[in-house]
Amino acid sequence: MPALPGRGQKSAWNPSFWARFLACGAALVLAVPALNFWVPPDSPAALPDYLIPLLGKYLCYALLALSLDLIWGYAGILSLGHGAFFALGGYCMGMYLMRQIGTRGVYGNPLLPDFMVFLNWKELPWFWWGFDHFAYAAVMVVLVPGLLALVFGWLAFRSRVTGVYLSIITQAMTYALMLAFFRNDMGFGGNNGMTDYKDILGWDVHKPSTRLGLYSASVFALGLGYLCCRFISTSKLGLVLLALRDAESRVRFLGYSVINAKLFVFTVSAVLAGVGGALYVPQVGIINPSEFSPGNSIEIAIWVSVGGRGTLLGGIVGAILVNAAKTWLTGAAPETWLFVLGALFILTTLVFPRGIVGLMRRPSRIRVPAPTPVPAGEQA
Amino acid sequence: MTARLLRLVGVLLLIASSASAKADDFVTLVGNLAGDSFAKKEKAVTALGALGDPRAISLLQALTDGRLLRGADGRVVISEAAGGTTRVRDAVTGDDIAGADPDRFERIIVNNRLRGAIEGALAALTLFSIDRDARLVAAQDALRHPSAGEAALLEKAIAIEQDPEIRAAMQLSLSAARLVSGSKEERLAAIRALGTTTDPQIKNLLDEFRAAPDTDPELKKTADAALASIGNRLRLVGVAANLFQGISLGSVLLLAAIGLAITFGVMGVINMAHGEMIMLGAYTAYVCQQLFRAFLPADWIDAYLPVAVPVAFFFAGGVGMALERSVIRFLYGRPLETLLATWGVSLILQQAVRSIFGSPNKEVSNPSWMTGGFDPIGGFTITWNRLYIILFCFIALGALALILNRTSFGLHMRAVTQNRPMASAMGIRTARVDALTFGLGSGIAGMAGVALSQVGNVSPNLGTIYIVDSFLVVVFGGVGNLMGTLVGALSLGIVNKFLEPVAGAILGKIVVLVAIILFIQRRPRGLFALRGRTAEAEA
């Protein structure tokens, strides 16, 4: 956890932080194109083209993990439906990309995407209106997950649904959305989802240069997201969040509005996840309802756990490491991946509850999210 | 056997009592088959079909197979290959002709037109078959092509039919045939008879009849009344069918959720690997079945299921206890961490099962006493396997309630649940109680798996299908009480099944999920919330 502003402590926004932050950002933005462009392809340091969208994908996952870390690590809200916000952002972007295909689809219909022609739809449904403009789609990427989080969060926090109950109903939410998006007549492509994209903002999505651009956009989004989360966590609101994570009732009795604090941070987190999803879709080239599956959402929690929750950086590190391991293992020994993932779940909770970043930081600066003290009878 | 004898006697009586001209008819018609003209043969075949003589069945069958032969003297015989030699028997009397050489006979030739006629005649004759099932199918089939000829045949068949079920089916088909072809009085009676059924086919038939322009107004009125009563009955059957399916789905949910009601409801442990305990139980059933098939006599196979239930209980319970001792006990009081760790366990168990058994679905067959079903009011079938699962589920729930409320283990369990330090101070070994409680919950999940293997596929992801649902059942019903779980599961199952015809299966499910999410906002502690100190502490 970053140092909190207060007497005797350095500000979270000191020059040394900015230097490190900018150095990391520059390394990510500059080194990758450099290795890709100027290093000869046969040298061992060269970065082949196919790796760029993969790295971009990891960064989107990192943004997603960051967003979960913000609510889980700081506010104690373990959402097991965060994949839903990610997927909704992705669907908004996917709809824009589908509209960009225009007459180049299999059926050559200028207005309707292929799957609608295939299902004999006659006109574009209202919720597809406007998605041919990038700006509209970009607004929706923020608005749709944000609004869902706002409504869902308001309902849940208002009636004080907390802890595992919240986890279970968020899981039910993403499960319901998955079932809904699997339906063909929803107008989102059913189980095939949306794919076969051509252009984004006029650039061909398959070109290496476009992919580098998307990768850079992901780096910027992640950087901005990190600054945003860091700002929230080091602000006074961050303190309130920490307090309500550890003793919600006490914070309420002290006169703070628990609902507003939680709602704000939950919505911000959902928006970040949505942006991650929007950047993810053009880089992997497909969005389908399996992104909503509850299993995906639980996996996000393990990225955060492995990296170290309540550290912000941990979410990013965990997402990248776990996914890199997944890419490598599912290629090298597909049978073992689930064993490894399962073992990660067990070991990080039992043996390394602080995660990688937590272990590396000096103990005096760490505030491990302590387990809530168990009152007598809590186990009921 | 007696039924068959009676039937034979009936047939013989019929043949004897009918004019001897009738018997002569049969002989003449068989003689006609031996002729050269196809038109004459076809007439003979159709007449044989209408005659309703069971002897004609084997004869016509032989004719299609090319086994009906004609001697030089015009005698018609059937040749039958039996154990390497060919027997020849008389087509009329059925007696063996000793020492006859099949090569001395000439085959009676059929063409495609004739084959069509034979098929029709055979279909009509099945009404007189010795085989009970064939007769029943034929009687029900007759409903589909009502005609005057059909009516005459059915009348004949009813006269000698002994079996009440087949008789009823024949009567129904006869009414349908009379509706199409009978006199006005016959039609009136037929409509009234048809009005007492629930068959959608009959409804269509009556609809058509009513809509025909030349229908008598009186008949029309009767048909309207009959249609209305069929409509009412169909609605009733629909409700009953939905109710049964809902209870059946509810009982499956309940079985999946009872174990969870203990581990989550009583111990407060979020066990995401609960679904995998169900899966292990289902695979136990599969392994038991394979072992029985491989090592025990074939007629013992039905016994695999009663064996699998306790085996699954102890196996899944053992795995559950091992899990509790090795992982969960370090995480008490940290529900979110427990959730993640047990999710890891579930991934490992799934992959382990996939590595051992492979990912394709495994087939677990119902024992013979669980296959089939019965039709209580006409129109929908209650299958035995679903009925047994409902029973099993209530027995399991009852047994669990007894254990919790009437045994010392149950007492210890409740004591540890309510006040751990105090229970410990009274000398209860809380760690042991924890392990046993978790084992009990997992064991019940294992038994649920055996039950689920009887209604669905057994695959490594069996558990994931039920895990979200069973958590919702427990949360909906209210944590920590079995009554809530019962009511929660049954109401979810029934609501789901009643929504399905209105909204479609998937949309119905979505509606239920959203409804539960909204419900939890209103009653965050479920339908039957615990009140008092325990509930407060948990909040």
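Refer to the preceding data block for the structure.
Reading guide: rules and limits
Residues numbered from 1 in each chain as written. Chains lettered and ligands numbered in written order. Predicted model: local features only at pLDDT ≥ 70, side-chain atom pairs only at ≥ 80, totals over all residues. Heavy atoms only, no water. Helix = DSSP H or I, 4+ residues; strand = E, 2+ residues; numbered from the N terminus. Rg over C-alpha atoms; globule rule 2.2 N^0.38 Å. Buried < 20%, exposed > 50% of the residue type's maximum accessible area, 1.4 Å probe, protein only. Contact = heavy atoms within 4.5 Å. Lys, Arg positive; Asp, Glu negative; His and termini not counted. Charge placed at Lys NZ, Arg CZ, Asp CG, Glu CD. Buried area = accessible area lost by both parts, 1.4 Å probe. Salt bridge = Lys/Arg side-chain N within 4 Å of Asp/Glu carboxyl O. Polar contact = N/O pair within 3.5 Å; in protein donor to acceptor, adjacent residues only side chain to side chain. Nonpolar A, V, L, I, M, F, W, Y, C, P; charged D, E, K, R; others polar. Core = buried A, V, L, I, M, F, W, Y, C linked by side-chain atoms within 4.5 Å. Axes fitted to C-alpha atoms, helices over the stretch in contact; angles between N-to-C directions. Parallel < 35°, antiparallel > 145°, perpendicular 65-115°, else oblique. Left-handed = near helix turned anticlockwise from the far one by under 90°. Patch = residues over 30% accessible without salt bridge, like charges linked within 9 Å, V, L, I, M, F, W, Y side chains within 5 Å. Areas by Shrake-Rupley, 256 points an atom, 1.4 Å probe, with all protein chains shown as cover. Phe/Tyr/Trp six-rings, centres within 6.5 Å; stacked < 30°, edge-to-face > 60°. Lys NZ or Arg CZ within 6 Å of the ring centre and 35° of its normal.

Draft legend 1. Here's a closer look at the overall build of chain A. For chain A, the count of helices and strands is 14 helices and 4 strands. The C-alpha atoms of chain A give 21 Å as radius of gyration, which agrees with the globular expectation for 380 residues (21 Å, within 12%). Referenced to the eigenvectors of the C-alpha coordinate spread, the extents of chain A come out at roughly 65 × 55 × 40 Å. Taking all 380 residues of chain A together, the buried fraction comes to 55%. Sequence separation of 24 or more characterises 76% of the internal contacts of chain A that already satisfy a separation of 6 or more.

Draft legend 2. Focus on the overall build of chain B. For chain B, the count of helices and strands is 22 helices and 6 strands. Relative to its length of 539 residues, chain B is extended, with a C-alpha radius of gyration of 33 Å against a globular reference of 24 Å. Overall size of chain B, expressed as C-alpha extent along the three principal axes, is 105 × 65 × 40 Å. Within chain B, contacts between residues at least 6 apart in sequence are counted, and of these 69% link residues at least 24 apart. Computed over 50 positive and 44 negative side-chain charges, the inter-centroid distance for chain B is 10 Å.

Draft legend 3. Layout of the interface of chain B and chain A. Listed per partner, the contact involves 52 residues of chain B and 49 residues of chain A. Here chain B and chain A share an interface that buries about 4,600 Å² over both sides, 72% of which is from carbon and sulfur atoms. Of all residues in chain B, Leu-336, Leu-340 and Gln-521 of chain B bury the most surface against chain A, accounting for 14% of the area lost on that side. Our enumeration of links across chain B and chain A arrives at 1 salt bridge. The tally of links between chain B and chain A comes to 3 residue pairs in polar contact (both at pLDDT 80 or more). Sorting the residues of the side of chain B that touches chain A by element identifies helix H11 (217–266), helix H14 (335–357), helix H16 (408–418), helix H19 (462–477), helix H21 (505–522) and helix H22 (533–538) of chain B as the ones contributing at least two each. At 15 residues, H14 of chain B tops the list of elements feeding residues into the side of chain B that touches chain A. When its residues are assigned to classes, the side of chain B that touches chain A shows 34 nonpolar, 11 polar and 7 charged.

Draft legend 4. Spotlight on the environment of Phe-17 of chain A. All names here are of chain A. Its place among the elements puts Phe-17 in helix H1 (residues 15–37). By relative accessible area, Phe-17 is classed as buried at 6%. If sequence neighbours within four positions are ignored, Phe-17 has contacts with Ala-12, Tyr-226, Leu-227 and Arg-230.

Draft legend 5. The nonpolar core, seen in detail. Core analysis: the biggest nonpolar cluster contains 206 residues, and Trp-128, Met-194, Phe-292 and Trp-303 of chain A together with Phe-264 of chain B have the highest contact counts within it. Core analysis: the next-biggest nonpolar cluster, separate from the first, contains 45 residues, Leu-48, Ile-108, Leu-125 and Leu-136 of chain B among them.

Draft legend 6. Quick peek at the packing of helix H6 (residues 132–141) of chain B against helix H8 (residues 164–181) of chain B. All names here are of chain B. The N-to-C vectors of H6 and H8 enclose an angle of 20 degrees; their axes lie 8 Å apart at closest approach. When the interaxial angle is binned, H6 and H8 end up roughly parallel. Remark: the crossing between H6 and H8 carries left-handed chirality. Each of Arg-132, Arg-135, Leu-136, Ala-139 and Gln-140 in H6 lies in contact with H8, whose residues at this interface are Glu-165, Ile-166, Ala-169, Met-170 and Ser-173. Looking at the contact of H6 with H8, its residues break down into 5 nonpolar, 2 polar and 3 charged.

Draft legend 7. Structural context of a nonpolar patch on the surface. A grouping of Val-139, Leu-143, Leu-147, Leu-150 and Val-151 of chain A is seen on the molecular surface, where their side chains present a nonpolar patch of about 410 Å² in accessible area. Tracing the backbone shows Leu-147 of chain A in helix H5 (residues 134–158).

Draft legend 8. Inspection of the packing of aromatic side chains at higher detail. Residues and elements named next belong to chain A. Applying the stated criterion across every chain yields a total of 31 aromatic pairs over all chains. When the ring of Tyr-96 is compared with that of Phe-134, the centres are 5.1 Å apart and the planes differ by 75 degrees; the resulting orientation is edge-to-face. Remark: Phe-134 occurs in helix H5 and Tyr-96 occurs in helix H3 (residues 82–101); sequence separation between them is 38 residues. A residue is classified by how much of its surface remains accessible, and Tyr-96, at 2% relative accessible area, is buried. Put simply, the rings of Trp-13, Phe-17, Trp-18, Phe-21, Tyr-226 and Phe-231 pair up and form one aromatic cluster. A cation over an aromatic ring shows up here: Arg-230 above the ring of Phe-17, its NZ or CZ 3.8 Å from the ring centre.

Draft legend 9. Molecular detail of the side chain of Thr-349 of chain A. You can see Thr-349 of chain A is positioned in helix H13 (residues 334–350). Here Thr-349 of chain A falls in the buried class, since its relative accessible area comes to 3%. Separated by 2.9 Å, the side chain of Thr-349 of chain A and the backbone oxygen of Ile-346 of chain A make a polar contact. The contact partners of Thr-349 of chain A, leaving out residues within four places of it in the chain, are Leu-331, Arg-334, Glu-337, Leu-340 and Ala-341 of chain B.

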